[in-house]
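# Close look at the chain arrangement
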Amino acid sequence: MIRLPRRRLPSLSALLLPAGTTATAQTPDAFPERPVRYVVPFAPAGLTDIMARLLAQRLSEIWGKPVVVDNRPGGNAMIGADAAAKAAPDGHTLLAVTLTHAVNASLYPNAPYDLRQDFAAVSVLGALPLVVAVPAAHPARDLAGLLAMARTRQMSAGSSGNGSPPHLGLELVRRIAGAGPNLVHVSYRGGAPAVTDLVAGNLDLIVSNLPECIAQLRAGRLRGLALTDRQRHRLVPDIPTVAEAGAPDLLITNWTAVLTNAAVPRPVLRRLEADVLLAMRDGELVRRAEEGGFDVLGWDSARSTAHVQAEVGRWGRLVAEAGIRAD
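Reading guide: rules and limits
Residues numbered from 1 in each chain as written. Predicted model: local features only at pLDDT ≥ 70, side-chain atom pairs only at ≥ 80, totals over all residues. Heavy atoms only, no water. Helix = DSSP H or I, 4+ residues; strand = E, 2+ residues; numbered from the N terminus. Rg over C-alpha atoms; globule rule 2.2 N^0.38 Å. Contact = heavy atoms within 4.5 Å. Areas by Shrake-Rupley, 256 points an atom, 1.4 Å probe, with all protein chains shown as cover. Axes fitted to C-alpha atoms, helices over the stretch in contact; angles between N-to-C directions. Parallel < 35°, antiparallel > 145°, perpendicular 65-115°, else oblique. Left-handed = near helix turned anticlockwise from the far one by under 90°. Nonpolar A, V, L, I, M, F, W, Y, C, P; charged D, E, K, R; others polar. Salt bridge = Lys/Arg side-chain N within 4 Å of Asp/Glu carboxyl O. Buried < 20%, exposed > 50% of the residue type's maximum accessible area, 1.4 Å probe, protein only. Core = buried A, V, L, I, M, F, W, Y, C linked by side-chain atoms within 4.5 Å. Expected span 1.5 Å × (residues − 1). Phe/Tyr/Trp six-rings, centres within 6.5 Å; stacked < 30°, edge-to-face > 60°.

So, on to the overall build of the protein chain. Along the backbone of the protein chain there are eleven helices and ten strands. Taking 2.2 N^0.38 as the reference for a compact globule, 327 residues should give roughly 20 Å; the C-alpha atoms of the protein chain span a radius of gyration of 20 Å, in line with that estimate. Taken along the three principal axes of its C-alpha coordinates, the protein chain extends 65 × 40 × 30 Å. Considering only intrachain contacts with a sequence separation of at least 6, the fraction spanning at least 24 residues in the protein chain is 78%. When the accessible surface of the protein chain is totalled, it reaches about 13400 Å², and 52% of it is carbon and sulfur.

Here it is, written out as structure tokens:
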């Protein structure tokens, strides 16, 4: 992994400074003054990239200025985040984050930025559930049966990488089943290879982002045992929730949010918040995001900040208790 020297930016308290107290201060009416860069720390065409491009297109229309998506994959999504952290704090750089970044706060304690201190949450845009899935020929017919098997026999479980949301889901399965070392984690570079090996019968189970395995579920090559959410999903209405399947604590949703530098003047942050929330109410954006599997949220900055803080705490405890290490 590329290690960068740690750099701390002003804390969240910088948002309380009145406009005009820094060299980068500006009036919200003049924002944006030039094209806005939207850093996506993942490869193009992925789930986060899709949502970011939908938002970027709508913001471009609202502002009359280009919003340019800048894909910066690598370093477990930290390279792009670090680039955004180092950008001028004037609101012209946005950052797409997911649950992965909340986990990274514990997985990489020496990261070159601090998610909670160096960034301000503009909005949590959307979320999607994960699905516990097995090959069609697997003897487990439901989640209860799978958990019982995991207690008595060794099972291989794939994920899209150490510390990824699917890996966290598997650790929840391990704890709820009491499987201990019986559940052997196999780390892949991305969700697609894990799904491919599951279909081929080389794995016993995965906990996958729903969009990454939905085609195989619909084709009958995989069996979905439970969704890790509180309600069923419109795209796969026959798959029960984890509560319905008897494991209510197996709750995990992968979410995506848009952040900006914590030192952005408060009036500009409020302009960003208002315009992002307006964009997230656009009917075409909502339709296309829902087709991709997202539940569109569009939370305000205060609620989004509380959510990110809570997720860092929740998954940090699991990372420590399960002894999860970076690849």
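Here the focus is the packing of helix 3 (residues 99–107) against helix 11 (residues 301–322). The contact between helix 3 and helix 11 brings their axes to 8 Å, and the two run at 55 degrees. It follows from the interaxial angle that helix 3 and helix 11 lie oblique. Helix 11 is crossed by helix 3, and the crossing has right-handed handedness. For the pair formed by helix 3 and helix 11, the contact residues are Leu 99, Ala 102, Val 103, Ala 105, Ser 106 and Leu 107 on the first element and Glu 311, Val 312, Trp 315, Gly 316 and Val 319 on the second. Residues of the contact of helix 3 with helix 11, tallied by class, amount to eight nonpolar, two polar and one charged.

What follows covers the pattern of salt bridges. Counted under the stated rule, the structure contains 16 salt bridges. Across the pair Arg 175 and Glu 321 runs a salt bridge whose closest N-O atoms are separated by 2.7 Å. Taken as a pair, Arg 175 in helix 6 (residues 165–177) and Glu 321 in helix 11 lie far apart in primary sequence, 146 residues in all. Owing to a relative accessible area of 44%, Arg 175 belongs among the partly exposed residues under this scheme. On the accessibility criterion, Glu 321 (54% relative accessible area) is exposed. The residue Arg 271 makes a salt bridge to Asp 275 at a minimum N-O spacing of 2.5 Å. Residue Arg 271 and its partner Asp 275 are both found in helix 9 (residues 266–279); the two are separated by four residues, about one turn of the helix. Classification of Asp 275 as buried rests on a relative accessible area of 9%. Among the ionic contacts, a cluster of salt bridges with common partners joins Arg 37, Asp 70 and Arg 72.

Time to look at the nonpolar core. By size, the foremost hydrophobic cluster in this structure holds 56 residues, and its most contacted members are Leu 143, Leu 146, Leu 205 and Trp 255. Per element, the largest residue contribution to this core is seven residues, and it comes from strand 4 (residues 119–135). Apart from residues lying up to four places away in sequence, Trp 255 is in contact with Val 97, Thr 98, Leu 99, Ala 102, Val 124, Gly 126, Ala 127, His 307, Val 308 and Glu 311. In this structure, Val 69, Leu 128, Met 280 and Leu 285 belong to the second largest nonpolar core, which totals 31 residues.

We now examine unusual backbone geometry. Where the residue is not glycine, phi is negative for most of them; where a peptide bond is considered, it is trans in most cases. In the segment running from Phe 31 into Pro 32, the intervening peptide bond is cis, with an omega of -10 degrees. Relative to the elements of secondary structure, Pro 32 occurs in the segment before strand 1 (36–40). Residues other than glycine seldom take positive phi values, yet Ala 45 does so here, at roughly 80 degrees. Along the polypeptide, Ala 45 turns up in the loop between strand 1 and helix 1 (47–63). Positioned with a positive phi, Asn 76 is a non-glycine residue whose angle comes to about 55 degrees. Its place among the elements puts Asn 76 in the loop between strand 2 (67–71) and helix 2 (78–85).

So, about helix 9. When the terminal C-alpha atoms of helix 9 are compared, their 20 Å separation across 14 residues agrees well with the 20 Å that a helix rising 1.5 Å per residue should span. On its buried face, helix 9 sits against helix 1, strand 3 (93–98), strand 4, strand 9 (253–261), helix 10 (283–291) and helix 11.

Turning to the side chain of Ser 156, a few remarks are in order. Within the secondary structure, Ser 156 sits in strand 5 (residues 155–159). Taking relative accessible area as the criterion, Ser 156 reaches 18% and is therefore assigned buried. Ignoring any residue separated from it by four or fewer positions in sequence, one finds Ser 156 in contact with Val 184, Asn 202, Leu 203, Asp 204 and Leu 205.

Counted according to the given criterion, the structure contains two aromatic pairs. Measuring from centroid to centroid gives 5.4 Å for Phe 31 and Trp 63, while their planes differ by 80 degrees, and the two rings are edge-to-face. Of the two residues, Phe 31 sits in the segment before strand 1 while Trp 63 sits in helix 1, which places them 32 residues apart along the sequence. With relative accessibility at 2%, the residue Phe 31 sits in the buried group. When the centroid spacing of 5.9 Å and the interplanar angle of 80 degrees are considered together, the rings of Tyr 113 and Phe 119 count as edge-to-face. There is no split in this pair, since Tyr 113 and Phe 119 are both buried.

The relative placement of two packed helices is expressed as an angle between their axes plus a distance between the axes. One way to put it is that helix 1 packs onto helix 10 with a least axis distance of 10 Å and a crossing angle of 175 degrees. Here helix 10 runs roughly antiparallel to helix 1, going by the angle between their axes. Residues Met 51, Leu 54, Leu 55, Gln 57 and Arg 58 of helix 1 touch helix 10, and the partners they reach there are Leu 285, Arg 288 and Ala 289. Grouping the amino acids of the contact of helix 1 with helix 10 by side-chain chemistry returns five nonpolar, one polar and two charged.

Structural measurements only, silent on function.
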